[in-house]
Amino acid sequence: MAKITLSNLAHSYMPRPTSDADWALKEMNHTWADGEAYALLGASGCGKSTLLNIISGLLHPSEGRILFGDEDVTEKSTTDRNIAQVFQFPVVYDTMTVRQNLAFPLKNRGASAQYIGQRVQAIAQMIGMEAELDRKARGLTADAKQKISLGRGMVREDVNAILFDEPLTVIDPHMKWALRTQLKELHQEFGHTMIYVTHDQTEALTFADKVVVMHDGRVVQMGTPQELFETPAHTFVGYFIGSPGMNLLPAQVDGMIAKTDGGQISLGASYAELDGKVEIGVRPEFVSLTDAADGLPVTINRVEDVGRHKIVRADCAGTVLNIIVQEGEEIGTDASRVTFDPAHVNIYQNDWRVTPSHREAA
Ligand code: ADP
Ligand code: MG
């Protein structure tokens, strides 16, 4: 197993890229720690598969290097990189049985018959296909075939990393949850470096120790679920993670005060002077409705009861503002203002989070 380093990596599918938009991956520098479970999360087309295929060696990057540990593997094949990869759609040998399909990667590497037998059994149990081991793959459902693909990706214990590219797309919803749990257990048991691509935030947040959020060919944040929630590094992370996502209000920032169209709010921290597009970002969980005289005036448009809590859709000086009201809390009939928890207000300049120059002790 190995730490994976991406050094000045960039990729374009065009022979002579000129503008920023020609690059499917913009230049990036990142390290993926050995033995960690990562989710690579982002909207369709943002470059997830491109990045994964470059790490596995299916695609040669236009620029930059890939290191496994201290070794430069940029010119090495997937086989030489010792990587297992599971794709979105099943890749199985139709004429082989389920058992032969699962055994294939081990056989290829010359493992003993006894070890193969034992390992195939364990994997078959994990994917729930013990009863079908001697059936030919031909004629099985897409769902079953994808489980075989997953099993094949997990059967070798000696790989440097296992890469999953939206592997549960064709799996039915019930089985999805079970398989995801098993992948997590597998990670805990063997400690492989795993990178799991998904566009689904729930899938990412339940699977991974670290979530890597991609937007428009860039990694915009690599962090724990809590970091993504509390301090989104980019407005896209605030918007993409959370339900509903983070509120953004245009503002001018002056020290510990932000001026918005609806009025002033005090910040839990002090900021240097900012120019460009400046916004305050606050998640709906940290907005409170109040009937007191302080706070920003809002107009409530709609209240949605989603079970565990209520989502209030409001308007604040022409900007949409969402508020989460926890179960058991009342929405006062006079509630016409909102306050923000200062410890959870972030400031964004041209979409990137600004680190405060000084934060007040709580
Ligand atoms: P994701 O997996 O996040 O959906 P991809 O990595 O597949 O995104 O695609 C990133 C960008 O690169 C998209 O704009 C896509 O159209 C483009 N792209 C992907 N594969 C190719 C290819 N083989 N040739 C040309 N463009 C491609
Ligand atoms: Mg993809």
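Just so it is clear, the model here is predicted, and its values are computed rather than measured. (Residues numbered from 1 in each chain as written. Chains lettered and ligands numbered in written order. Predicted model: local features only at pLDDT ≥ 70, side-chain atom pairs only at ≥ 80, totals over all residues. Heavy atoms only, no water.)

A few points about the layout of surface pockets
Part 1 of the argument: Taken as a whole, the largest pocket encloses approximately 560 Å³ of empty space.
Part 2 of the argument: The wall of the largest pocket is formed by 20 residues, among which Ile83, Ala84, Gln85, Pro105 and Arg152 lie closest to the centre.
Part 3 of the argument: Only α2 (78-81), β6 (83-86), α3 (98-108) and α5 (142-154) provide two or more residues apiece to the lining of the largest pocket.
Part 4 of the argument: Among the residues forming the lining of the largest pocket, the class breakdown is 10 nonpolar, 7 polar and 3 charged.
Part 5 of the argument: In terms of lining, the second largest pocket is formed by 15 residues, of which the most central are Ser288, Leu289, Val325, Glu329 and Glu330.
Part 6 of the argument: For the lining of the second largest pocket, the secondary structure elements donating two or more residues are β14 (287-290) and β18 (319-326).
Part 7 of the argument: Here the lining of the second largest pocket is composed, by residue class, of 7 nonpolar, 4 polar and 4 charged. (1 Å grid on protein atoms, 1.4 Å probe; cavity = no way out; pocket = protein on both sides within 12 Å on 5 of 7 lines; lining within 4 Å. Points joined across faces, edges and corners; volume = space filled by probe spheres on them. Helix = DSSP H or I, 4+ residues; strand = E, 2+ residues; numbered from the N terminus. Nonpolar A, V, L, I, M, F, W, Y, C, P; charged D, E, K, R; others polar.)

Focus: the sheet that holds β14
Sheet strands pair by backbone hydrogen bonding; their relative direction is either parallel or antiparallel.
Part 1 of the argument: Overall, antiparallel pairing links the 3 strands, which are arranged β14-β19-β15 in an open sheet. Two strands bound the open sheet, and with one partner strand each, they are β14 and β15 (296-297).
Part 2 of the argument: Where β15 lies against strand β19 (residues 337-340), 2 bridges are found, and the strand directions are antiparallel. Residue Leu296 lies in a different strand from β19, and its bridge partner there is Val338. (Pairing = 2+ DSSP bridges.)

Topic: the pairing of strand β3 (residues 37-41)
Part 1 of the argument: With 5 of 5 residues buried, β3 lies mostly within the body of the structure.
Part 2 of the argument: Of the two faces of β3, the one lined by Ala37, Ala39 and Leu41 and the one lined by Tyr38 and Leu40 are each fully buried.
Part 3 of the argument: Sheet topology note: the β3/strand β8 (residues 193-198) ladder contains 5 bridges and is parallel. Bridge pairing links Leu41 to Thr198 in β8.
Part 4 of the argument: In the sheet, β3 pairs with strand β9 (residues 210-215) via 4 bridges, with the strands oriented parallel. When the sheet's bridge partners are listed, Tyr38 is paired in β9 with Lys210. (Buried < 20%, exposed > 50% of the residue type's maximum accessible area, 1.4 Å probe, protein only.)

Here's the deal with the site of ligand 1
Part 1 of the argument: Taken together, Tyr13, Ala24, Ala43, Ser44, Gly45, Cys46, Gly47, Lys48, Ser49 and Thr50 make up all the residues around ligand 1.
Part 2 of the argument: Here Gly47 contributes a backbone N or O atom positioned 3.1 Å from an oxygen atom of ligand 1.
Part 3 of the argument: At a separation of 2.9 Å, an oxygen atom of ligand 1 approaches a polar side-chain atom of Ser49.
Part 4 of the argument: Against a free-state accessible area of 570 Å², the protein chains account for coverage of 52% of ligand 1.
Part 5 of the argument: The residue makeup of the shell around ligand 1, split by class, is 4 nonpolar, 5 polar and 1 charged. (Near = heavy atom within 4 Å. Polar contact = N/O pair within 3.5 Å; in protein donor to acceptor, adjacent residues only side chain to side chain. Areas by Shrake-Rupley, 256 points an atom, 1.4 Å probe, with all protein chains shown as cover.)

A closer look at α3
Part 1 of the argument: Those residues of α3 that fall on the buried side of the exposure criterion are Val98, Asn101, Leu102, Ala103, Pro105 and Leu106.
Part 2 of the argument: Close packing links the buried residues of α3 with α4 (113-126) and α5.
Part 3 of the argument: Gly110 occupies a position one or two residues after α3 and carries a positive phi of about 75°. (Contact = heavy atoms within 4.5 Å.)

Focus on the pattern of salt bridges
Part 1 of the argument: Inspection of the entire model under this criterion finds 14 salt bridges.
Part 2 of the argument: In this structure, Arg65 and Asp72 form a salt bridge, with 2.9 Å as the shortest nitrogen-oxygen distance.
Part 3 of the argument: For Arg65, a relative accessible area of 35% puts it in the partly exposed group.
Part 4 of the argument: When the shortest N-O distance is used, the salt bridge between Arg119 and Glu157 registers 3.8 Å. On the criterion of sequence distance, the pair formed by Arg119 in helix α4 and Glu157 in the loop between α5 and β7 (161-165) is long-range, its members being 38 residues apart.
Part 5 of the argument: Accessibility expressed as a relative area gives 8% for Arg119, which makes it buried.
Part 6 of the argument: For Glu157, a relative accessible area of 30% puts it in the partly exposed group.
Part 7 of the argument: Within this structure, Arg65, Asp72 and Glu75 form a network of salt bridges that share partners. (Salt bridge = Lys/Arg side-chain N within 4 Å of Asp/Glu carboxyl O.)

What about the domain arrangement of the protein?
Part 1 of the argument: Looking at the assigned domains, one finds that the protein contains domain 1 (4-13 + 25-240) and domain 2 (247-359).
Part 2 of the argument: The C-alpha centroid of domain 2 is placed 38 Å from the C-alpha centroid of domain 1.
Part 3 of the argument: Between domain 1 and domain 2, the residue contacts involve 11 residues of the former and 11 residues of the latter.
Part 4 of the argument: For domain 1, the biggest contributors to the area lost against domain 2 are Phe229, His234 and Thr235; these three give 50% of the whole.
Part 5 of the argument: Applying the counting rule to domain 1 against domain 2 returns 0 salt bridges.
Part 6 of the argument: The interface formed by domain 1 and domain 2 includes 7 residue pairs in polar contact (both at pLDDT 80 or more).
Part 7 of the argument: Classifying every residue of the side of domain 1 that touches domain 2 by side-chain character gives 6 nonpolar, 4 polar and 1 charged. (Domains from an automatic or database assignment. Buried area = accessible area lost by both parts, 1.4 Å probe.)

Description of the side chain of Glu279
Part 1 of the argument: Along the polypeptide, Glu279 turns up in strand β13 (residues 278-282).
Part 2 of the argument: As a buried residue without a salt bridge, Glu279 has its nearest oppositely charged side chain in Lys277, at a separation of 4.1 Å. (Lys, Arg positive; Asp, Glu negative; His and termini not counted.)

Considering the pairing of β19
Part 1 of the argument: Side chains of β19 alternate between two faces, with Val338 and Phe340 buried and Arg337 and Thr339 left unburied.
Part 2 of the argument: Across 4 bridges, β14 lies against β19 in antiparallel orientation. Looking at the pairing, Ser288 lines up with Thr339 of β19.

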